[in-house]
Amino acid sequence: MKMREINAKQITDAVSDLCMKANFDIPDDVIQVIKKAYQDEPSPQGKDVLKQIIDNDEIAHNEQVPMCQDTGLAVFFVELGQDAHITGGLLNDAINDGVRKGYKDGYLRKSTCNPFTRKNVGDNTPSIIHVEVVPGDKVKIIMAAKGGGSENMSRVMMMKPSDGLEGIKKYIIDRVRESGSNPCPPIIVGVGIGGTFERSALIAKKSLLRPLGTPNPDPELDKLEKELLTSINKLGIGPMGLGGRTTALAVHVIVEPCHIASLPLAVNIQCHSARHKEITI
Ligand code: SF4
């Protein structure tokens, strides 16, 4: 079968656009859930904060400016069709070139730095790229701008198998409680259970990409997500930590098999600036 050719330059241009759009335009599913939370929030301070978030996201969209000063590390989930052939350069280079261009042209803050000297790299690269090979001849690129505040509150915990489901629930709720106002609530709680140490973190992050307001396809996990959301929203942290019901907008869970001796659990916290955009080429 003939491979379909996709030029690296096409990917660079698309990625540049995704970086800007993700930072300027809040996804529709996210803003709809925030608007619903605004209607339902009983705390006056909480309601006021949610209104400010809604107004802020509207200004960002109308004026095509970033919705938050922290424009994040650029994280990519790429689904590469096994019948697609990238020509004219490497896939990762094409993506990083797009990040350089998008963050420069969109006047987005560059946030990557040397971990020790803290010297800024200057162009927001390298981006974080996860590639999965899938059937077909297309390439799907999902870009997520991941801010530091919420990422810092995320954890991987190698639980004991004997901790079981109750231990998992307790850890997740405690993590949100301890995070308090740091991740700019209302948050989305991405949970990865199973796999290995690094796999749990990856699926926790991936879970954040499921459209808000959609049920988990597994009815048992859907029940678990709703139970966790109810418990979290009883913590009283509220929007931006000023008190109220809306601490989280959603809990998303992905579960995979793990080693008989292990129980990896990852909690990836996403702030209300839940920025992601995708394109299929
Ligand atoms: S946690 Fe999110 S909303 Fe808060 S500063 Fe970081 S990117 Fe912005």
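The structure we're discussing is the one just above.
Residues numbered from 1 in each chain as written. Predicted model: local features only at pLDDT ≥ 70, side-chain atom pairs only at ≥ 80, totals over all residues. Heavy atoms only, no water.

Moving on, we get to the pattern of salt bridges. For the structure on display, the rule yields 21 salt bridges. Of the charged contacts in the structure, one is a salt bridge between arginine 109 and aspartate 70, with a shortest N-O distance of 3.4 Å. On the criterion of sequence distance, the pair formed by arginine 109 in the loop between helix H4 (91-105) and strand S4 (128-134) and aspartate 70 in the loop between helix H3 (44-63) and strand S2 (73-81) is long-range, its members being 39 residues apart. Judged by its relative accessible area of 39%, arginine 109 is partly exposed. Assessed through its relative accessible area of 13%, aspartate 70 is described here as buried. A salt bridge links aspartate 97 to arginine 100; its shortest N-O distance comes to 2.7 Å. Placement of the pair is aspartate 97 and arginine 100 together in helix H4, with a separation of three residues, close to one helical turn. By relative accessible area, which is 34% here, arginine 100 ends up partly exposed. (Salt bridge = Lys/Arg side-chain N within 4 Å of Asp/Glu carboxyl O. Helix = DSSP H or I, 4+ residues; strand = E, 2+ residues; numbered from the N terminus. Buried < 20%, exposed > 50% of the residue type's maximum accessible area, 1.4 Å probe, protein only.)

In this section: the site of the ligand. Neighbouring the ligand are the residues Cys68, Gln69, Asp70, Gly147, Gly149, Ser150, Pro183, Cys184, Cys271, His272, Ser273 and Arg275. Grouping the amino acids of the shell around the ligand by side-chain chemistry returns four nonpolar, six polar and two charged. Two domains each put at least three residues into the shell around the ligand: domain 1 (4-24 + 67-146) and domain 2 (149-276). (Near = heavy atom within 4 Å. Nonpolar A, V, L, I, M, F, W, Y, C, P; charged D, E, K, R; others polar. Domains from an automatic or database assignment.)

A separate point is the packing of helix H1 (residues 8-24) against H4. Between H1 and H4, the shortest axis-to-axis distance is 7 Å and the interhelical angle comes to 40°. With respect to their mutual orientation, H1 and H4 come out oblique. Considering the relative orientation of H1 and H4, their crossing is right-handed. Contacts from Ala8, Ile11, Thr12, Asp13, Val15, Ser16, Cys19, Met20 and Asn23 of H1 reach H4 at Leu91, Ala94, Ile95, Asp97, Gly98, Val99, Lys101, Gly102, Tyr103 and Asp105. In terms of residue class, the contact of H1 with H4 is made up of 10 nonpolar, five polar and four charged. (Axes fitted to C-alpha atoms, helices over the stretch in contact; angles between N-to-C directions. Parallel < 35°, antiparallel > 145°, perpendicular 65-115°, else oblique. Left-handed = near helix turned anticlockwise from the far one by under 90°. Contact = heavy atoms within 4.5 Å.)

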